[in-house]
Amino acid sequence: MPTSTDIAASIAQLRCEINDHNHHYYVLDDPQIPDAEYDRLMQRLQALERQAPELITLESPTQRVGAKPLAGFDEVAHRVAMLSLDNAFNDDDMLAFDARITKGLEVEQVTYCAEPKLDGLAVSLRYENGLLVRAATRGDGRVGEDITQNVRTISSVPLRLMGDDFPSVLEVRGEVYMPRVGFDALNKRQRDHGGKPFANPRNAAAGSLRQLDPKITATRPLAMYCYGVGEVDEQRLPTSHRAILACLKGWGLRVSPETDEVYGAAGCLEYYRKIGAKRDALPYEIDGVVFKVNSLKQQQALGFVSRAPRWAIAHKFPAQEEMTRLIGIDIQVGRTGALTPVARLEPVFVGGVTVTNATLHNEDEVRRKDVRAGDTVVVRRAGDVIPEVVSVVLAQRPNDARAFVMPTDCPVCGSEVRRAEGEAVSRCSGGLYCSAQRKEAIKHFASRRAMDIEGLGDKLVEQLVEVGWLNSVADLYDRSALPHEKLAGMDRMGDKSADNLIAAIDKSKQTTLAHFLFSLGIREVGEATARALANHFGNLPTIMEADEEALLQVADVGPVVVANLRAFFHEPHNREVIESLQRLGVQWPDVVAQKDLPQPLAGQTFVLTGSMETMTRDEAKGKLQALGAKVTGSVSKKTSYVVVGDDPGSKRDKADKLGVTLLDEAALRKLLEEPPNSSD
Ligand code: 9MJ
């Protein structure tokens, strides 16, 4: 029977262990144990705390959620005001800021601490003797709301600081935000349960922190980065902002790894561009970068203006969302006949460019967002993604706003529009009779990754189809259908361009089976599938005649691709085009069909880890697959061999643990050169 001191010691030990794992997982992004093991530690702690409930304290990791719903939020006065930031909207604003600072400080160059500007909610955490006692919103900067219960549920906020050299009172300021992945998952959940999705991660974070029931907040994927301090009772903190952030990190608080030290205005602008280029790849939304004078002494010398410090500035990125009027909804017909509703917009500057069109995706999306011609809408353009209509500003809807109806006939060719059961996409049934589909099919055929016809741009294809000179991809190779003088006479063309284009068309005749298959634009047959089909069967006639069973043998080919392939090659028109192309000189070498090769490694599963000297991992994978082996990404009991190169990852350790045979590069080469039963 364990004594109560035993239980207390075990509880203390487990809490320590769990807090340490939390810190690695949520703060350092470097998990030390599998989730299942973490869950077991938590369960053990919960069991012990049930045995000795008198030992439960607020900072126990089991107590993040548990408090009862509130009737409302109490007010919290900030002893040290929570400041906001002045903004710079362009490089000139930024240069002016730096000029003010250097002049004010009478120095040549200033050292700044540079940080990404997270788009979330500013929050203050108060730690007393290392324990989180209060969390508050900024409010008006002087008085905020007590959201302690909700912030306690955020796993990246430590309930107890690490180490023992923290001030006895420490207020930490930072931003609570919702990572993109979590936001998408939350919105999916909201929709699946008939709820209203959030407009953006910032709203979702705000809505989650304003829940009166912390159990709801606990289900929301929130995180926090810390970027400063408020009240601190002992002046033992370092004398630069950056060094303070390093201390916060040491005490277990999360600080952005993008934080950096930069010098002068040039350093600031360079950091702004660097983070701007990374913006879309970051797992959370930012709306700019923040520069803070690094030296606290210099900060003090500069002081404040009203609510913002003179020593800091937010250099904003161009907004990614703006409002504009939706003039009408057009329908675009794509290569596969898909009808996409497209919003025609009054020009608006968003995400750094002027936008006049935005996708509305499909009929259901238009209905879900209830977008109508005449509405004022929120348009979003992030990075290189196609601009989209995010939502409607209902308060500004005019009385005569017209609801959208998906046409029943194709607006381009008049063929019937069909929408298959369970599909979101409506399609024109006209196939290549539809000039819109023809244009897109020809553009795809000529594109770089397909037949690679240089100089045959989208505009030229559109013109040639519109004047009726280009009716199928075969016409491209038929000089009687498309002679030099016709090409030379098109907009922005001439003798020289026509010569060059004809040379490029001739050059494209010599292709590969994989490129040719891809260029046909069969639905769901992308580059990788085209390559797999070419390698497996070796020649076109076999692919065209292959039955379902034979096609399903190809790696990654499933029933949908099989149905599309069979339907495509069954269509007489498609067979004729292929015949014409070959008659007009399009050709490729047949390859040796993998299916006919011996498969000495059939039934064996390989995992590759680390880098090799004489081949890339992709090459090794291709060679192994050619011999019939399966190559997978994770090691299990079923793995036959793990090939270990330089700097192998954790897969090697796992193989060791499971007793899977390891091969080095030399052994792999030997196996590839002399597969086991090739000499049998
Ligand atoms: C954000 N939002 O990321 C500040 N912020 O500093 C950073 N906000 C700030 N710093 C003083 N990185 C007031 C606000």
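In this convention, every chain numbers its residues from 1, walking through the sequence in written order. Reporting of local features is limited, given that this is a predicted model, to residues whose pLDDT is at least 70; pairs of side-chain atoms are given and counted only at 80 or more, and all residues count toward the totals for whole chains, interfaces and linings. By convention in this description, side-chain values take in all heavy atoms of the structure and omit both hydrogens and water.

## Some details on the overall build of the chain
Working step 1: Helix and strand assignments come from DSSP, with helices taken as H or I runs of at least 4 residues and strands as E runs of at least 2, each series counted from the N terminus. Assigned secondary structure in the chain consists of 24 helices and 24 strands.
Working step 2: Structurally, the chain occupies a C-alpha span of about 90 × 75 × 55 Å along its principal axes.
Working step 3: Throughout, exposure labels follow a simple rule: accessible area from a 1.4 Å probe, protein chains only, divided by the maximum for the residue type, with under 20% read as buried, over 50% as exposed, and the rest as partly exposed. Burial status across the chain gives 45% buried among its 680 residues.
Working step 4: Partitioning the intrachain contacts of the chain with sequence separation of at least 6 by distance along the chain shows that 67% fall at a separation of at least 24.
Working step 5: Summing over all exposed atoms, the chain offers an accessible surface of approximately 34,900 Å²; the carbon and sulfur share of this is 49%.
Working step 6: By the counting scheme adopted, Arg and Lys are positive, Glu and Asp are negative, and His together with the chain ends is not counted. We put the charge of a Lys on NZ, of an Arg on CZ, of an Asp on CG and of a Glu on CD. Within the chain, the 96 negative side-chain charges are centred at a point lying 3 Å from the centre of the 83 positive side-chain charges. A contact between two residues is defined here by any heavy atoms of the two lying within 4.5 Å. Note on areas: Shrake-Rupley, 1.4 Å probe, and residue coverage restricted to the protein chains presented here.

## Focus on the state of the cysteines
Working step 1: In plain terms, two cysteine sulfur atoms within 2.5 Å form what is called a disulfide here. The final tally for this structure, using the stated rule, is zero disulfides.
Working step 2: The closest cysteine sulfur to the non-disulfide-bonded cysteine 413 is located on cysteine 428, 3.6 Å from its own sulfur.

## Topic: helix α1 (residues 4-27)
Working step 1: To estimate the expected span of a helix, subtract one from its residue number and multiply by 1.5 Å. Its 24 residues place the ends of α1 33 Å apart at the C-alpha level, agreeing with the 34 Å of an ideal helix rising 1.5 Å per residue.
Working step 2: Within α1, burial applies to Ile7, Ile11, Leu14, Arg15, Ile18, His21, Asn22, His23, His24 and Val27.
Working step 3: For α1, the elements touching its buried residues are α2 (35-51) and α8 (241-250).
Working step 4: Directly after α1, the chain includes aspartate 29, whose backbone phi takes a positive value near 55 degrees.

## Re the nonpolar core
Working step 1: Residues grouped as a nonpolar core are buried Ala, Val, Leu, Ile, Met, Phe, Trp, Tyr and Cys residues, joined through side-chain atoms within 4.5 Å. Ile453, Leu476, Tyr477, Phe516, Leu533, Phe569 and Leu581 are the most contacted members of the largest nonpolar core, which totals 54 residues.
Working step 2: For isoleucine 453, the contacting residues outside a window of four places in its chain are Phe445, Ala446, Leu476, Tyr477, Leu501, Ala504, Ile505 and Ser508.
Working step 3: Membership of the second largest hydrophobic core comes to 35 residues, among which are Val123, Ile147, Leu170 and Leu222.

## Some thoughts on the domain arrangement of the chain
Working step 1: The split of the chain into domains comes from an automatic or database domain assignment. Under the domain assignment used here, the chain contains domain 1 (4-63), domain 2 (75-316), domain 3 (321-396), domain 4 (407-597) and domain 5 (598-673).
Working step 2: Contacts between domain 2 and domain 3 engage six residues on the former and six residues on the latter.
Working step 3: Summing both sides of the interface, domain 2 and domain 3 together bury roughly 380 Å²; the carbon and sulfur share of this comes to 33%.
Working step 4: We define a salt bridge as a side-chain nitrogen of Lys or Arg found within 4 Å of a carboxyl oxygen belonging to Asp or Glu. Seen at the junction of domain 2 and domain 3, the total is one salt bridge. Buried area adds together the accessible area that both of two parts lose upon being put together, with accessible area traced by a 1.4 Å probe.

## A look at the sheet that holds strand β2 (residues 87-88)
Working step 1: Spatially, five strands are ordered β2-β13-β10-β3-β9 in an open sheet, and the strand pairing comes out mixed. Single-partner strands in this sheet number two, and they are β2 and β9 (260-263).
Working step 2: At least two bridges found by DSSP between two strands are what make those strands a pair. The pairing of strand β3 (residues 111-118) with strand β10 (residues 286-293) spans seven bridges and is antiparallel. Across the sheet, alanine 114 pairs through a bridge with phenylalanine 291, a residue of β10.
Working step 3: Across the sheet, helix α9 (residues 264-278) lies against β3, β9, β10 and β13 (312-316), angled at about 135 degrees from β9, the strand it touches most. To get an axis, fit a line to the C-alpha atoms, keeping to the stretch in contact for a helix; angles then go from 0 to 180 degrees between the N-to-C directions.

## Structural notes on the site of the ligand
Working step 1: As a structural note, the neighbourhood of the ligand is formed by Leu83, Leu85, Glu115, Pro116, Lys117, Leu118, Glu175, Tyr227, Val290 and Lys292.
Working step 2: Any pair of nitrogen or oxygen atoms within 3.5 Å is treated as a polar contact; in protein, a donor-acceptor pairing is required on top of that, and neighbouring residues in sequence qualify only through side-chain atoms on both sides. One of the backbone nitrogen or oxygen atoms of proline 116 is found 3.4 Å away from an oxygen atom of the ligand.
Working step 3: Calculation on the ligand without its partners gives an accessible area of 340 Å², and the protein chains cover 90% of this total.
Working step 4: Residue assignment for the shell around the ligand shows that the elements contributing at least two residues are β3 and β10.
Working step 5: With four residues, β3 is the largest single contributor of residues to the shell around the ligand.
Working step 6: Gly is placed with the polar residues, together with every amino acid not listed as nonpolar (Ala, Val, Leu, Ile, Met, Phe, Trp, Tyr, Cys and Pro) or charged (Asp, Glu, Lys and Arg). Residues that form the shell around the ligand fall into these classes: six nonpolar, no polar and four charged. Residues are classed as near a molecule or strand on a simple rule: at least one heavy atom within 4 Å of it.

## Some points on the packing of aromatic side chains
The geometry of an aromatic ring pair is captured by the separation of the ring centres together with the interplanar angle, meaning the angle of the planes.
Working step 1: Any two of the Phe, Tyr and Trp rings considered here, Trp counted by its six-membered ring, make a pair once their centres fall within 6.5 Å; the pair's planes then place it as stacked at under 30 degrees, edge-to-face at over 60, or tilted in between. Overall, the coordinates contain 12 aromatic pairs when judged by the stated rule.
Working step 2: Their ring planes at 75 degrees and their centres at 5.7 Å tell us that tyrosine 225 and tyrosine 284 sit as a pair that is edge-to-face. Note that tyrosine 225 is positioned in strand β8 (residues 223-232) and tyrosine 284 in the loop between α9 and β10, a separation of 59 residues in sequence. Of the two residues, tyrosine 225 and tyrosine 284, neither departs from the other in class, the shared state being buried.

## Some points on the side chain of arginine 126
Working step 1: Considering the arrangement of structural elements, one finds arginine 126 in strand β4 (residues 121-128).
Working step 2: When near neighbours in sequence (up to four residues on either side) are disregarded, arginine 126 contacts Arg79, Leu131, Leu132, Val133, Arg134, Val169, Leu170, Glu171 and Glu231.

## Digging into the side chain of serine 519
Working step 1: Mapped onto the elements, serine 519 comes out in helix α16 (residues 513-519).
Working step 2: The exposure class assigned to serine 519 is buried, which follows from its relative accessible area of 2%.
Working step 3: Within polar-contact distance, the side chain of serine 519 engages the backbone oxygen of phenylalanine 516 at 2.7 Å.
Working step 4: Setting aside chain neighbours within four positions, we find serine 519 in contact with His444, Phe445, Ala450 and Met451.

## Section: the sheet that holds strand β24 (residues 661-663)
Working step 1: Ordered by their spatial adjacency, four strands build an open sheet running β22-β21-β23-β24, and the pairing between neighbours is parallel. With one partner strand each, in any of the chains shown, β22 (630-632) and β24 form the two edges of the open sheet. With direction set aside, neighbouring strand axes in the sheet form an average angle of 30 degrees.
Working step 2: Taken together, the three bridges between strand β23 (residues 641-644) and β24 define a ladder with parallel strand orientation. Across the sheet, residue tyrosine 641 finds its bridge partner in β24, namely threonine 661.

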